[in-house]
Amino acid sequence: MDLATIIGLIGGVGSVAVGMSLKGADPHALINPAAFLIIFAGTAAAIFNAFPMHDLKRVPKLFKLLFSGQQLTSKQEILELFVATAKASKQEGVMAIEKKANDVSDPFIRSAMTMVADGFNGEFIYNVIDAEIKQMEERHRSGAQVFAQCGMYAPTLGVLGAVIGLIAALGNLSDIDQLGHSIAAAFVATLLGIFTGYVCWHPFANKLKQMNAQEVEIKRMVLEGVLALQEGASSIAIESRLQAFIPLSERKSMRDE
């Protein structure tokens with residue numbers, strides 16, 4: 001579970017609730033089915049108009065990723081794997097690379113190492129893996145774009161909801177006592193639109209972009225490792241090349257361990 005997402009949502013809802021209480025606003029005013037319908041159903045409708053279905057089918061998986069967190073092989077594990085593989089290959093040859101590849105659970109790393117064991121040249125390996133990384137980046141970009149567009153549409157729909165509420169309120173000016181409550185209810189949609197847009201959708205899009213950047217960096221590190229293996233580099237040379245992907249502070253902690 002990604003605690004940052006949970007903390008962010010709870011903090012966002014809590015800050016609005018406490019803020020309303022401090023301002024003397026009635027929290028029960030938020031119980032407005034029409035406002036929820038306009039914001040959430042309206043945003044969903046806009047997204048269906050904006051994106052093809054094959055992009056929208058991935059949204060449930062993206063929600064799961066946002067709340068469950070990203071499971072990636074650590075840089076230290078990648079470094080140790082390629083250093084150990086380089087040492088083994090010097091003693092046992094190419095078969096050692098294939099054995100190590102079969103022991104790896106990550107399909108991307110296993111596939112990349114298998115290409116080295118199968119004897120493909122460096123240019124071919126680079127082109128294949130680089131194309132795969134770019135395709136992954138494009139898929140991730142389109143996924144993040146869905147949430148970014150939600151963040152654009154929701155606040156605007158909030159204004160639409162306020163206008164609809166004001167039309168209803170001003171259409172019944174004979175009941176002065178009810179007029180204030182009607183006007184207050186009209187702005188609930190605006191509140192929901194701004195809240196969901198800037199506390200949920202835009203931050204979700206940003207988090208997906210950050211996750212994409214982390215995964216790309218991991219895959220680029222793997223690419224550098226398999227190219228070094230293909231070149232027959234020593235374990236010391238591979239360690240030096242892969243350490244470039246690890247911050248200095250983490251390198252120090254690795255040496256201490």
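Residues numbered from 1 in each chain as written. Predicted model: local features only at pLDDT ≥ 70, side-chain atom pairs only at ≥ 80, totals over all residues. Heavy atoms only, no water.

Some details on the overall build of the protein chain
Move 1: Helices and strands together make up the secondary structure of the protein chain, namely twelve helices and zero strands.
Move 2: Against the compact-globule benchmark of 18 Å for 257 residues, the protein chain has a radius of gyration of 26 Å, which places it well outside the compact range.
Move 3: Based on the C-alpha atoms only, the size of the protein chain along its principal axes is roughly 90 × 40 × 25 Å.
Move 4: Within the protein chain, buried positions represent 38% of all 257 residues.
Move 5: Restricting the contact set of the protein chain to residue pairs at least 6 apart, pairs at least 24 apart contribute 78%.
Move 6: Charged side chains in the protein chain number 22 positive and 25 negative. The centres of these two groups are separated by 2 Å. (Helix = DSSP H or I, 4+ residues; strand = E, 2+ residues; numbered from the N terminus. Rg over C-alpha atoms; globule rule 2.2 N^0.38 Å. Buried < 20%, exposed > 50% of the residue type's maximum accessible area, 1.4 Å probe, protein only. Contact = heavy atoms within 4.5 Å. Lys, Arg positive; Asp, Glu negative; His and termini not counted. Charge placed at Lys NZ, Arg CZ, Asp CG, Glu CD.)

Side note on the packing of helix α4 (residues 59-68) against helix α8 (residues 122-170)
Move 1: Remark: α4 packs on α8, axes separated minimally by 11 Å, with the N-to-C direction vectors making an angle of 85 degrees. Taken together, the axis directions place α4 and α8 in an arrangement best described as roughly perpendicular. Contact residues: V59, L62, F63 and L66 in α4; G143, V146 and F147 in α8.
Move 2: Within the contact of α4 with α8, the residues separate by chemical class into six nonpolar, one polar and no charged. (Axes fitted to C-alpha atoms, helices over the stretch in contact; angles between N-to-C directions. Parallel < 35°, antiparallel > 145°, perpendicular 65-115°, else oblique. Nonpolar A, V, L, I, M, F, W, Y, C, P; charged D, E, K, R; others polar.)

Let's talk about the environment of L62
Move 1: With respect to the helices and strands, the residue L62 is situated in helix α4.
Move 2: Take L62: its relative accessible area is 10%, and that puts it in the buried class.
Move 3: With 82 residues separating them in the primary sequence, L62 and A144 have C-alpha atoms 8.7 Å apart.
Move 4: In this view, L62 contacts G143, F147 and L208; residues no more than four positions away in its chain are not counted.

A word on empty space enclosed by the protein
Move 1: Considering all chains together, one arrives at one cavity of 30 Å³ or more under this definition.
Move 2: Its volume calculated, the largest cavity comes out at about 40 Å³.
Move 3: As for the largest cavity, its lining consists of F108, S111, A112, M115, V128, I129 and E132.
Move 4: Considering every element that reaches the lining of the largest cavity, the biggest residue donor is helix α7 (residues 107-117), with four residues. (1 Å grid on protein atoms, 1.4 Å probe; cavity = no way out; pocket = protein on both sides within 12 Å on 5 of 7 lines; lining within 4 Å. Points joined across faces, edges and corners; volume = space filled by probe spheres on them.)

Comments concerning the nonpolar core
Move 1: The biggest cluster of nonpolar side chains holds 34 residues, and the ones touching the most others in it are F82, I109, M113, I129, V222, V226 and I238.
Move 2: Elements with a minimum of two residues in this core: α5 (75-92), α6 (94-102), α7, α8, α10 (188-231) and α11 (235-242).
Move 3: No other element matches the nine residues that α10 contributes to this core.
Move 4: Discounting chain neighbours no more than four positions away, the residues touching F82 are M113, V222, G225, V226, L229, I238 and L242.
Move 5: Grouped together as the second largest cluster of nonpolar side chains are 19 residues, I47, F51, A148 and F195 included. (Core = buried A, V, L, I, M, F, W, Y, C linked by side-chain atoms within 4.5 Å.)

Brief notes about the pattern of salt bridges
Move 1: For the coordinates displayed, the defined rule picks out nine salt bridges.
Move 2: Where K134 meets D130, a salt bridge forms, and the shortest distance between an N and an O atom there is 3.2 Å. Linking K134 with D130, this pair stays in helix α8, spanning four residues, or about one helical turn.
Move 3: The partly exposed category is assigned to K134, whose relative accessible area is 47%.
Move 4: The closest approach of N and O atoms between E224 and R241, which form a salt bridge, is 2.7 Å. Note that E224 is positioned in helix α10 and R241 in helix α11, a separation of 17 residues in sequence.
Move 5: Judged by its relative accessible area of 26%, R241 is partly exposed. (Salt bridge = Lys/Arg side-chain N within 4 Å of Asp/Glu carboxyl O.)

Concerning the layout of surface pockets
Move 1: Of the voids in this model, the largest pocket is the one considered here, and its volume is about 340 Å³.
Move 2: If you go around the largest pocket, you meet 17 residues; those closest to its centre are D106, P107, F108, E215 and K219.
Move 3: At the level of secondary structure, the elements contributing two or more residues to the lining of the largest pocket comprise α7, α8 and α10.
Move 4: Among the elements that line the lining of the largest pocket, the one with the most residues is α8, at five residues.
Move 5: Counted by class, the lining of the largest pocket contains eight nonpolar, four polar and five charged residues.

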